[in-house]
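Summary of structural features
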Amino acid sequence: MKHSEKELLEKEKKYCSYGDTVHYLEPPKFFESCEGSYLYDKQGTPFLDLQMWYSAASFGYKNERLGNALKNQIDKLPQLACQYLHAEKVELAEKIAKSMERLFGEEGRVHFNVGGAQAVEDSLKVVRQTTKKNLMFAFMGGYHGRTLGASAITSSYRYRRRFGHFSDRAHFVPYPYCYRCPYDKKPEDCGLYCVKQFEKLFETEYNGVLDVKTNESEFGAFYVESVQGTGGYVIPPKDYFKELKKVLDRHNILLVDDEIQMGFHRAGKLWGLANFGVTPDIVVFGKALTNGLNPLSGIWAKEKLINPKVWGAGSTHSTFSSNTLGTAVGLEVMKMCEEMDYEKKVFDKGMKFLIRLKSLQKKYPKVIGDVDGLGLALRMEIVKPDGYAPDREFADHMFAEGMQGDLDTPKGKRGLVLDVGGYYKNVFTIAPAFDISEADMDLATDLFEQLIQRCLKKYR
Ligand SMILES: Cc1ncc(COP(=O)(O)O)c(C=O)c1O
């Protein structure tokens, strides 16, 4: 017997924990199907998705080639304990390792797990084993997941508050968020003041991070996102990471690159950090590796950190770590990335979308404070009438109105799926499907404008 949405909501209230989700909308919305850039509700209303499951479904919903890879593996080898080998695991590891050689010029190995945060945990173990340190640097505004270890290096205290003392809580460093510079500087003439401030920490032992006599830091690694994801798709200045890495190298601190959200071409290049000319010691990835199908995540680390002599069997283990379905889809994703020039495609489309968003910003400077983008990681800051102060409420209203599914188009009613992020929860983090058409970019711009006009009328 099929239940109505009303009945299902009542059951959800009674039987579902709310703790494993994020309820942005009350009541949460049901969807019935999806295709390409669209989600469809029960009435068949198309919702143009500009977030693609926080960038996990970048290659489009119901991607046929990836669906077939999954179906073929279901028919061939749907299950296998990870103590045995299957071809797709090995071939996928090779492709990822070779991509690191290509983009970062380093040999290394790949280690699988199931979710992003679990892979972050694995990377923490590699850092701890290598450096014998359990303290990390991480960024203000950074997000690395919700397990205990990942929460310790994620900036929000809100995610730790109820769960006791985190003795390994990271030292959080300001991110180069130039639109709202934490040091009130201007990027044109700041001379990367933020890196200099970080560098100063190492000047004397009394700044709390270094024994200057032995050049030993109390911190093992710096966890970075090349473009901050949950933090609001904040893009750092071109030379930021190069300068930061010099400081880290001087004091033997590893660089861990969290590519869970920006990896697999979201920011143009296969790995987001490759836009910035530095080589990480460890890379963590997940999400779009399987386009949101059977989950798979993992880490890549330099050979010296992860070869079997130092990192033997069972260093971490999960029943599902290199599962056959996930590795089959991941392998197909990597094949697609090799065969098609996603780098060019994503940069081209990103530029076209950004031009449209910038023209919208020009038209509504009292609503949109900043738009920016790298590849198809695009951002739009919603601001108060002064043109700068963050307007979280207005962003929330736009988000909620988009979910009503009643925006007008010549082809009928449409919805717009958005995600709100950023330090002040006023940023639309825009991550469209890589195959989004120009017509859908026009439509997205038009739907944004309708949302702005509607919310101006209703709420300002
Ligand atoms: C940069 C980054 N790191 C880690 C995670 C955690 O991944 P997961 O939700 O798969 O545990 C996320 C998820 O949004 C992320 O964006």
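Fair warning: this is a prediction, and the values are worked out from it, not measured in the lab.

**Points about the overall build of the protein chain**
Of the regular secondary structure elements, the protein chain holds 13 helices and 18 strands. Against the compact-globule benchmark of 23 Å for 460 residues, the protein chain has a radius of gyration of 22 Å, which places it among compact chains. With respect to the principal axes defined by its C-alpha atoms, the protein chain has extents near 70 × 60 × 45 Å. Sequence separation of 24 or more characterises 74% of the internal contacts of the protein chain that already satisfy a separation of 6 or more.

**As for the packing of helix α12 (residues 392-402) against helix α13 (residues 438-459)**
The geometry of α12 relative to α13 is characterised by a closest axis approach of 10 Å and an angle of 120° between their N-to-C directions. When the axes of α12 and α13 are compared, the pair comes out oblique. α13 is crossed by α12, and the crossing has right-handed handedness. Within the contact between the two elements, α12 uses F394, H397, M398, E401 and G402 and α13 uses L451, I452, R454, C455 and Y459.

**Topic: the environment of K132**
You can see K132 is positioned in the loop between α5 (116-131) and β5 (135-139). K132 sits in the exposed class, given 9 other C-beta atoms within 10 Å.

**Examining the sheet that holds strand β13 (residues 368-374)**
Strand order in the open sheet made by the 4 strands is β13-β14-β18-β17, with antiparallel pairing throughout. Of all strands in the sheet, those with a lone pairing partner are β13 and β17 (420-421), marking the two edges. Where β17 meets strand β18 (residues 427-430), 2 bridges bridge the pair, whose relative direction is antiparallel. Residue pairing in the sheet places V420 in a bridge with F428 of β18.

**A short note on the site of the ligand**
As a structural note, the neighbourhood of the ligand is formed by 15 residues, with G116, A117, G145, I260 and Q261 the closest of them. In terms of residue count, α5 provides more of the shell around the ligand than any other element does, 3 residues in total. In the shell around the ligand, the residues fall into 5 nonpolar, 8 polar and 2 charged.

**Looking at the sheet that holds strand β1 (residues 33-35)**
With respect to topology, 5 strands assemble into an open sheet ordered β1-β2-β3-β16-β15, the strand pairing being mixed. In this open sheet, the two edge strands, each paired with only one partner strand, are β1 and β15 (407-409). For this sheet the average axis-to-axis angle between neighbouring strands, irrespective of direction, equals 35°. Relative to strand β3 (residues 46-49), strand β2 (residues 38-40) runs antiparallel, the two being bridged by 3 bridges. Along β3, the bridge assignment pairs L39 with F47.

**Concerning the environment of T290**
Residue position: T290 is located in the loop between β11 (282-285) and β12 (297-302). Apart from the residues lying within four places of it in its own chain, the contact partners of T290 are P295, L296, G326, V329, G330 and V333.

**What to know about the domain arrangement of the protein chain**
Taken domain by domain, the protein chain consists of domain 1 (1-53 + 394-419), domain 2 (66-339) and domain 3 (342-388). Taken over C-alpha atoms, the centre of domain 1 sits 31 Å from the centre of domain 2.

**Regarding α13**
In this model α13 runs 31 Å from its N-terminal to its C-terminal C-alpha over 22 residues, within 8% of the 32 Å that 1.5 Å per residue would give. Taken as a whole, α13 has its buried residues at D440, M441, L443, A444, L447, F448, L451, I452 and C455. Where α13 is buried, its residues meet β3, α11 (342-363), α12, β15 and β16 (412-417).

**Regarding the packing of α11 against α13**
Viewed as axis vectors pointing N to C, α11 and α13 meet at an angle of 20°, and their least axial separation amounts to 10 Å. In terms of axis orientation, α11 runs roughly parallel to α13. In this structure, α11 crosses over α13, and the sense of that crossing is right-handed. Contacts between α11 and α13 involve K352, F353, R356 and L360 from the first element and E438, M441, T445, F448 and E449 from the second.

**Re the environment of M100**
For M100, the position within the fold is in helix α4 (residues 87-104). In this structure M100 comes out as buried when scored by C-beta crowding, with 23 C-beta atoms within 10 Å. Distance in space between the C-alpha atoms of M100 and V283 is 9.0 Å, their sequence separation being 183 residues. Setting aside residues up to four positions removed in sequence, M100 forms contacts with E106, G108, V283 and W300.

**Points about unusual backbone geometry**
Cis peptide bonds are those with omega within 30 degrees of zero, and the linkage from E26 to P27 qualifies with -10°. Here P27 lies in the loop between α1 (5-15) and β1. Its identity is not glycine, yet N215 carries a phi of approximately 55°, on the positive side. Here N215 shows up in the loop between β7 (210-211) and β8 (216-217). Its identity as a non-glycine residue notwithstanding, K425 has a phi of 55°, on the positive side. Of note, K425 is situated in the loop between β17 and β18.

The rules behind the values
Residues numbered from 1 in each chain as written. Predicted model: local features only at pLDDT ≥ 70, side-chain atom pairs only at ≥ 80, totals over all residues. Helix = DSSP H or I, 4+ residues; strand = E, 2+ residues; numbered from the N terminus. Rg over C-alpha atoms; globule rule 2.2 N^0.38 Å. Contact = placed C-beta atoms within 7 Å. Axes fitted to C-alpha atoms, helices over the stretch in contact; angles between N-to-C directions. Parallel < 35°, antiparallel > 145°, perpendicular 65-115°, else oblique. Left-handed = near helix turned anticlockwise from the far one by under 90°. Buried ≥ 20, exposed ≤ 12 C-beta atoms within 10 Å, placed from the backbone. Pairing = 2+ DSSP bridges. Near = placed C-beta within 6 Å. Nonpolar A, V, L, I, M, F, W, Y, C, P; charged D, E, K, R; others polar. Domains from an automatic or database assignment. Expected span 1.5 Å × (residues − 1).

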